[in-house]
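Given next are the chains, with one letter for each unit.
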Amino acid sequence: MPYATHVPHLLNNTSLAESLESKLSALNPLDNTFFNDDIWRFQTAKQVVTIDFTIFTSPYLQFTESITISFDEQTTQITLVEFAKLVWLEITMGKAALRKAYSQAFDMLALVMAYLYSEGIDQLDTSHLEGFYSTCLMQNPTRKGLTPRLSSPAYSNRFEPLNLNAFRRILAKYKISGVIGHVTSKQCDKALNDACIAMLDMTRLEYRKGGSFNYLGLEVGKHYIDHCQHLFEGHCAYVTAIKRATMALYDMQSQNSDLKLQKQTTTKLLGQVFIGAQLESSDIKERFFKSVSLEKLLAIEAFVHKTFKQKFERVERCNNAFKLDTINQIVSACHLPERYDAQEFVRALLFVEFFGDNGKTKSAIWEEYKAAISSVKSDSNDSPLSITLAEFDEITKNILDERRTSFADTTQEMRQRLKYLTETLPIPPSEHYLSGMEYFNKMCNMVEDAGVTCFVGLTGWRASEYAFSLNDIEIDVNSDVLDNQYTPWRFHVRWKVPKTSGDTPLPREITLGAYILAAQSAHLNLAEDKSLSLPALYFSKTDKQKADSQLKISTAVNTCWEDFVHHYSMFQDIDTIQVLSEKNHLNEQERGQYDSLISTYDMNSSHIRRLRELRQSLKAELPRVLLAIELGGGKYFGKRLRQYVEGTAPEEITDLFDSHLSKQTKATLMAGEISLDKAGVRSVRSEFLGKASYPTPHAFRHIFAEAVLRRYRGDVGKFIRAHFKHLDSRFFMAYLRDKEFRVIQQVATRNVINAVVRIHIDAIEDKHRDYAGGFDRFLSKAVNITHVIGINEMKEELANATSKRVLAMKSNPWATCFLRDGTQQTAKCSINGEPQRQNASPKLCLGCINADITEGNFNGIVIYIKDDIDACRNPELPWFIKEPCYHTVRLALKRIEELKRNSGKASYDKFIAHLQDTVLMAEAQRGYAE
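The structure displayed is predicted, hence computed values, not measured ones.

Engineer: Just give me the short version of the overall build of the protein chain, but keep the residues and values in it.
Structural biologist: Check the secondary structure of the protein chain and you find 41 helices and 17 strands. Taken over 930 residues, the protein chain has a buried fraction of 54%. Taking the contacts inside the protein chain whose residues are at least 6 apart along the sequence as the reference set, 69% of them involve residues at least 24 apart. For the protein chain, the exposed surface amounts to about 41,600 Å²; the carbon and sulfur share of it is 50%.

Engineer: Any details on the pattern of salt bridges? Residues and values, ideally.
Structural biologist: Inspection of the entire model under this criterion finds 33 salt bridges. Close ionic contact of Lys 85 with Asp 38 constitutes a salt bridge, the shortest N to O distance being 2.6 Å. With a gap of 47 residues between them, Lys 85 in helix α2 (residues 80-92) and Asp 38 in the loop between α1 (15-26) and β1 (39-43) connect regions that are remote in the sequence. Neither Lys 85 nor Asp 38 differs from the other in exposure class; each is buried. When the shortest N-O distance is used, the salt bridge between Lys 309 and Asp 409 registers 3.4 Å. Of the two residues, Lys 309 is situated in helix α12 (residues 294-321) and Asp 409 in the loop between α16 (389-402) and α17 (411-423); the sequence distance between them amounts to 100 residues. Salt bridges linked by common partners bring Lys 23, Glu 90 and Lys 173 together as one network.

Engineer: If you had to explain the environment of Asp 38 to someone new, which residues and values would you point to?
Structural biologist: The exposure class assigned to Asp 38 is buried, which follows from its relative accessible area of 0%. Each C-alpha atom of the pair Asp 38 and Phe 56 lies 9.9 Å from the other, and the pair is 18 residues apart in sequence.

Engineer: Describe the nonpolar core, with residues and values.
Structural biologist: Of all hydrophobic cores here, the largest spans 156 residues; its most connected members are Phe 308, Phe 455, Phe 468 and Trp 561. Considering every element that reaches this core, the biggest residue donor is helix α9 (residues 218-253), with 15 residues. Contact partners of Phe 455, with chain neighbours within four places excluded, come to Trp 461, Tyr 466, Phe 468, Ile 510, Ala 514, Leu 517, Ala 518 and Leu 537. Core analysis: the second largest hydrophobic core is formed by 71 residues, Phe 83, Ala 84, Phe 132 and Ile 170 among them.

Engineer: Residue-level account of the packing of helix α13 (residues 324-333) against α16, with values.
Structural biologist: Between α13 and α16, the shortest axis-to-axis distance is 10 Å and the interhelical angle comes to 140°. When the interaxial angle is binned, α13 and α16 end up oblique. α13 and α16 meet at a crossing whose hand is right-handed. Contacts between α13 and α16 pair Thr 326, Gln 329, Ile 330 and Ala 333 from the former with Phe 392, Ile 395, Thr 396, Ile 399, Leu 400 and Glu 402 from the latter. In the contact of α13 with α16, the residues fall into six nonpolar, three polar and one charged.

Engineer: Lay out the sheet that holds strand β10 (residues 489-496) in plain terms, naming residues and giving numbers.
Structural biologist: Read across the sheet, three strands follow the order β9-β10-β11 without closing on themselves; strand pairing throughout is antiparallel. Two strands in the sheet have a free side with no partner beyond their single neighbour: β9 (473-477) and β11 (505-510). The mean angle between the axes of side-by-side strands here comes to 30°, regardless of whether they run parallel or antiparallel.

Engineer: An account of empty space enclosed by the protein is requested, with residue identities and associated values reported.
Structural biologist: Counted by the stated rule, this structure contains four cavities of 30 Å³ or more. Looking at the largest cavity, its volume works out to about 190 Å³. Forming the walls of the largest cavity are 16 residues, and the residues nearest its centre are Glu 233, Phe 322, Leu 517, Gln 520 and Phe 719. Secondary structure elements with two or more residues in the lining of the largest cavity: α9, α20 (512-524) and α32 (718-724).

Engineer: Before we move on, could you go through the packing of aromatic side chains and cite the residues and values that matter?
Structural biologist: If you walk through the whole model with that rule in mind, you get 54 aromatic pairs. Here the aromatic rings of Tyr 115 and Phe 132 are separated by 5.8 Å at their centres, their planes lie at 70°, and the arrangement is edge-to-face. Of this pair, Tyr 115 sits in helix α3 (residues 99-119) while Phe 132 sits in helix α4 (residues 129-138), placing them 17 residues apart in sequence. Since its relative accessible area comes to 7%, Tyr 115 is described here as buried. Judged by centre distance (5.8 Å) and plane angle (80°), the ring pair of Tyr 238 and Phe 308 falls under edge-to-face. Taken as a pair, Tyr 238 in helix α9 and Phe 308 in helix α12 lie far apart in primary sequence, 70 residues in all.

Engineer: If you had to explain the confidence of the model for the protein chain to someone new, which residues and values would you point to?
Structural biologist: Per-residue confidence for the protein chain gives a mean pLDDT of 84; residues scoring 70 or more make up 89%. Every residue in residues 1-7 scores below 50 in pLDDT, and together they form 16 contacts with partners more than four places removed in sequence or on other chains. Of the regions scoring below 50 in pLDDT, residues 376-382 engages in 12 contacts with residues more than four places distant in sequence or in other chains.

Engineer: Can you tell me about the sheet that holds strand β14 (residues 816-820), naming the residues and giving the values?
Structural biologist: Spatially, four strands are ordered β12-β17-β14-β13 in an open sheet, and the strand pairing comes out antiparallel. Each end of this open sheet is capped by a strand with a single partner; those strands are β12 (771-772) and β13 (806-811).

Engineer: Could you give me a rundown of α13, with the residues and numbers involved?
Structural biologist: Three or more residues of α13 are buried, namely Leu 324, Thr 326, Ile 327, Ile 330 and Val 331. An end-on view of α13 places all buried positions within 165° of arc, on one side of the element. Along α13, the residues that are exposed and aim more than 90 degrees away from the buried face are Asp 325 and Ser 332. Turning to α13, the residues buried within the fold contact α9, α12, α14 (342-355), α16 and α32. Positive backbone phi, approximately 55°, marks His 335, located one or two places after α13.

Engineer: Can you explain the pairing of strand β3 (residues 67-71)? Please cite residues and give values.
Structural biologist: The sheet contact formed by β3 and strand β4 (residues 74-78) spans five bridges and is antiparallel. Directly across from Thr 68, in β4, lies its bridge partner Gln 77. A loop of two residues connects β3 with β4, the two strands running antiparallel in sequence, and Asp 72 in this loop sits at a positive phi of about 55°.

Engineer: How would you sum up the packing of α12 against α16? Please name residues and give values.
Structural biologist: In contact at an axis separation of 10 Å, α12 and α16 are set at 120° when each is read in the N-to-C sense. Classified by the angle their axes make, α12 and α16 are oblique. Here α12 runs over α16; the crossing is right-handed. Contacts from Arg 317, Asn 320 and Ala 321 of α12 reach α16 at Lys 397, Leu 400 and Asp 401.

Engineer: Residue-level account of helix α25 (residues 588-600), with values.
Structural biologist: In this model α25 runs 19 Å from its N-terminal to its C-terminal C-alpha over 13 residues, within 8% of the 18 Å that 1.5 Å per residue would give. Where α25 starts, the residue carrying a side-chain oxygen 3.1 Å from the main-chain nitrogen of Gln 589 turns out to be Asn 587.

Engineer: Got a sec to walk through the environment of Glu 65? Specific residues and values, please.
Structural biologist: Position of Glu 65 relative to the elements: it lies in the loop between β2 (48-52) and β3. By relative accessible area, Glu 65 is classed as exposed at 77%.

Engineer: Outline the pairing of strand β6 (residues 139-142), supporting the account with residue identities and numerical values.
Structural biologist: Burial of β6 is one-sided: the residues Gln 139 and Pro 141 facing one way are buried, the residues Asn 140 and Thr 142 facing the other way are not. Across four bridges, the pairing between β6 and strand β7 (residues 145-148) is antiparallel. Note on β7: the bridge partner recorded for Pro 141 is Leu 146. Linkage of β6 to β7, two consecutive antiparallel strands, is achieved through a turn of two residues.

Engineer: Can you lay out the side chain of Thr 823 for me, pointing to particular residues and giving the numbers?
Structural biologist: Along the chain, the position of Thr 823 falls in the loop between β14 and β15 (830-831). Polar side-chain contacts of Thr 823 include one of 2.6 Å to the backbone oxygen of Arg 820. What Thr 823 contacts, discounting residues up to four positions off in sequence, is Ile 849 and Asn 850.

Engineer: Hey, could you go over the environment of Arg 143 for me, with residue numbers and the actual values?
Structural biologist: Checked against the element boundaries, Arg 143 lands in the loop between β6 and β7. For Arg 143, a relative accessible area of 44% puts it in the partly exposed group. Measuring from C-alpha to C-alpha, the distance between Arg 143 and Thr 57 comes to 9.2 Å, with 86 residues separating the pair along the chain. When sequence neighbours within four positions are dropped, the list of residues in contact with Arg 143 reads Asp 52, Thr 54, Ile 55, Ser 58 and Tyr 60. In this structure the side chain of Arg 143 is engaged in a polar contact, spanning 3.0 Å, whose partner is the side chain of Thr 54.

Engineer: Would you mind going over a negative patch on the surface in detail, with residue names and values included?
Structural biologist: On the surface, Glu 651, Glu 652, Asp 655 and Asp 658 cluster together into a negatively charged patch. Looking at the secondary structure, you find Glu 651 in helix α28 (residues 651-660).

Reading guide: rules and limits
Residues numbered from 1 in each chain as written. Predicted model: local features only at pLDDT ≥ 70, side-chain atom pairs only at ≥ 80, totals over all residues. Heavy atoms only, no water. Helix = DSSP H or I, 4+ residues; strand = E, 2+ residues; numbered from the N terminus. Buried < 20%, exposed > 50% of the residue type's maximum accessible area, 1.4 Å probe, protein only. Contact = heavy atoms within 4.5 Å. Areas by Shrake-Rupley, 256 points an atom, 1.4 Å probe, with all protein chains shown as cover. Salt bridge = Lys/Arg side-chain N within 4 Å of Asp/Glu carboxyl O. Core = buried A, V, L, I, M, F, W, Y, C linked by side-chain atoms within 4.5 Å. Axes fitted to C-alpha atoms, helices over the stretch in contact; angles between N-to-C directions. Parallel < 35°, antiparallel > 145°, perpendicular 65-115°, else oblique. Left-handed = near helix turned anticlockwise from the far one by under 90°. Nonpolar A, V, L, I, M, F, W, Y, C, P; charged D, E, K, R; others polar. Pairing = 2+ DSSP bridges. 1 Å grid on protein atoms, 1.4 Å probe; cavity = no way out; pocket = protein on both sides within 12 Å on 5 of 7 lines; lining within 4 Å. Points joined across faces, edges and corners; volume = space filled by probe spheres on them. Phe/Tyr/Trp six-rings, centres within 6.5 Å; stacked < 30°, edge-to-face > 60°. pLDDT = per-residue confidence, 0-100. Arc of directions from axis to C-beta. Expected span 1.5 Å × (residues − 1). Polar contact = N/O pair within 3.5 Å; in protein donor to acceptor, adjacent residues only side chain to side chain. Patch = residues over 30% accessible without salt bridge, like charges linked within 9 Å, V, L, I, M, F, W, Y side chains within 5 Å. Lys, Arg positive; Asp, Glu negative; His and termini not counted. Charge placed at Lys NZ, Arg CZ, Asp CG, Glu CD.

Here it is in structure tokens:
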């Protein structure tokens with residue numbers, strides 16, 4: 001029996017209907033199917049292929065109500081479902097029954113219609129080509145709407161079954177206007193090339209040969225960057241001291257013959273010294289240094305100990321100063337106002353302490369910041385800065401002294417300290433396959449690469465753009481009065497951007513935190529001497545590495561991935577809670593650890609559920625990710641792939657290939673039909689990785705774009721938030737002048753909308769959640785009235801429906817605007833029915849139905865309504881001036897009370913009390929005025 005639906009049909013009893021019926025019949029459909037049936041099935045050589053045209057009734061494909069068509073001198077109106085059938089039949093007519101040809105042409109047709117609908121246009125012309133191809137690379141059409149892909153589709157699957165020029169010829173045959181404008185093959189190739197460069201970081205030809213792209217995204221990327229930050233901050237001082245002490249010993253050996261040894265012997269000795277070995281031990285002496293006197297060994301050890309201690313203490317103090325925990329401790333100890341820019345203010349003062357004033361002294365920074373916040377009070381009794389600069393310096397000194405690692409003077413105690421520090425490295429010597437200085441070099445590279453990954457996360461540049469030296473970073477005093485009180489300098493990297501300017505250096509702004517990270521990395525890499533112009537971020541050995549960072553960066557962002565999957569602190573904390581909760585009895589230490597963790601993590605929250613799911617998926621994917629990306633990917637993977645084809649691969653490798661390659665690919669591999677050259681290996685590697693998550697330099701461009709959009713929210717990771725939350729949109733405008741980045745941002749915007757909506761809906765039923773505002777109330781009501789179906793199905797359906805209704809988003813410090821379809825006239829910023837979101841302000845947004853307010857927006861509300869609070873508390877101001885400020889403060893009070901009620905956190909109480917008091921003061925004067 002044929003499958004039937006209730007889709008309307010307009011072609012009945014027409015000559016066109018007879019023609020199309022004949023074309024369908026020629027394809028030999030199963031089930032005695034006719035043209036008016038909306039589900040068609042076909043038997044291919046290996047399987048049954050189902051083509052379900054009811055998807056074209058989905059709202060996200062309705063770019064027009066009907067299509068006007070001319071055939072056999074008759075003009076007819078047809079539905080979009082009938083239009084889709086007509087185009088599909090024309091494409092497949094005369095072709096063999098293959099799943100790829102049938103299904104992928106269907107998908108491309110849906111993508112065209114979805115893009116036309118999303119852009120509100122009736123035809124695809126040259127100005128829209130790049131955006132359309134970006135959608136094809138990053139999205140899949142489903143019954144629920146377009147969904148993000150985790151990897152790009154194969155070129156042959158996506159673009160060969162139906163190209164735009166073939167589509168135009170079909171439209172011309174039936175005299176259909178619109179849909180596809182006048183576009184040439186050359187224009188299509190250029191637009192697809194631009195989209196491939198923007199979205200995949202490869203050219204169209206590279207993509208066509210089998211290149212692919214894994215979409216990591218902010219949801220995973222933020223955790224990976226936080227882990228890399230933890231590795232770099234925790235071990236930078238240690239590995240820097242190792243490198244510095246090693247270099248100092250080689251320099252001293254060239255001057256002092258009493259310390260001179262052969263290089264190989266020196267390397268062995270350093271490996272033993274840094275691990276804290278007992279050199280007097282007969283085992284070590286006889287095994288490694290049989291021909292060297294013990295006196296000489298101990299003299300070299302004493303020199304290394306002394307140098308290591310000096311280098312470590314200097315680097316550790318500087319690194320400790322700029323750790324986020326240290327800065328937060330200083331902010332708290334100094335009772336600084338709870339402002340979004342407090343961290344950056346402290347970071348600026350510390351910068352002068354360790355890097356010089358660079359045209360702006362500490363006292364100048366202090367006085368300007370004090371003046372800027374003179375009217376801001378954390379409550380009605382506190383002064384904005386309750387300490388002096390001298391007291392700040394003393395507090396900072398004491399905190400840094402407390403964090404200092406102590407070294408004893410005796411050799412034995414120094415050995416114990418080195419042994420302890422070694423055991424704290426990401427992979428202890430006992431668990432690593434290397435030993436001696438080979439092991440320490442590996443750990444130094446790992447820490448160096450962790451710093452590189454953090455810097456890439458802060459900039460989002462291409463992998464080829466990071467070979468700059470400290471000498472290429474220009475530091476200028478910030479003359480912008482809007483933010484110079486906490487951003488005293490502007491930092492610009494003047495370096496080449498090969499894909500847009502060739503070898504011509506271009507200035508690009510970075511943050512203060514990014515400069516500090518580059519300076520710390522340069523010191524670690526022995527590259528801080530500006531006269532040498534060595535790459536700051538990584539250690540360079542060759543002239544090519546000094547000039548081109550592509551390979552170094554591509555390798556660096558992968559280095560810490562395995563350690564992240566196994567040892568990320570949040571993953572380990574969740575595992576510890578699970579282990580301790582399953583114990584029948586906890587000792588005192590375990591009880592304290594358990595209570596501390598439970599107070600930090602709500603194990604029943606949606607956030608922890610997502611983290612658990614993420615951990616599980618990353619662990620499952622890790623073996624094939626390591627196989628595919630190890631040693632740069634291509635050569636190692638290609639070697640294992642050839643062994644697999646030849647039947648000589650190890651069992652665990654064979655199992656991986658068997659599990660993650662399709663039957664068709666395995667069959668063609670074994671038949672020798674796939675050439676295992678560079679392109680062939682790359683194509684197989686793409687399928688092998690599938691939807692697995694792993695880092696690439698280009699993925700960080702997407703992470704950066706999403707982080708910019710979510711920087712004021714509390715869900716971007718500690719590291720990104722600490723460096724971005726104080727920056728306004730002007731800092732990021734330079735990126736938007738890059739056409740490629742604009743395309744990336746368009747995709748990132750839709751991904752952020754989808755992710756935020758899903759996370760928000762998932763958190764609706766949490767006992768504690770950090771949301772408030774009109775958008776939160778909209779989602780809460782939607783969840784409450786759609787509980788009649790299964791909870792997971794309901795959440796998915798609601799998330800899809802809501803995401804489609806969100807037309808655009810805009811990040812503000814006090815709220816995120818999710819402009820929904822149907823709210824254009826009721827949006828608070830609307831003028832004559834058109835939202836004017838450039839006019840966003842607390843007085844408009846805090847009462848708007850499109851405002852989404854999270855914990856991260858709290859400080860933004862505090863700082864941006866300060867003038868309104870001051871006006872309400874000023875007894876000298878008349879009521880007609882005070883009234884609009886009063887309404888803004890009342891809106892802020894409502895939103896903060898919602899945050900308090902939904903989250904259950906007492907941290908909002910102080911400001912709520914302050915706002916309540918402010919409202920009472922204003923109302924008292926209103927009564928007097930009336």
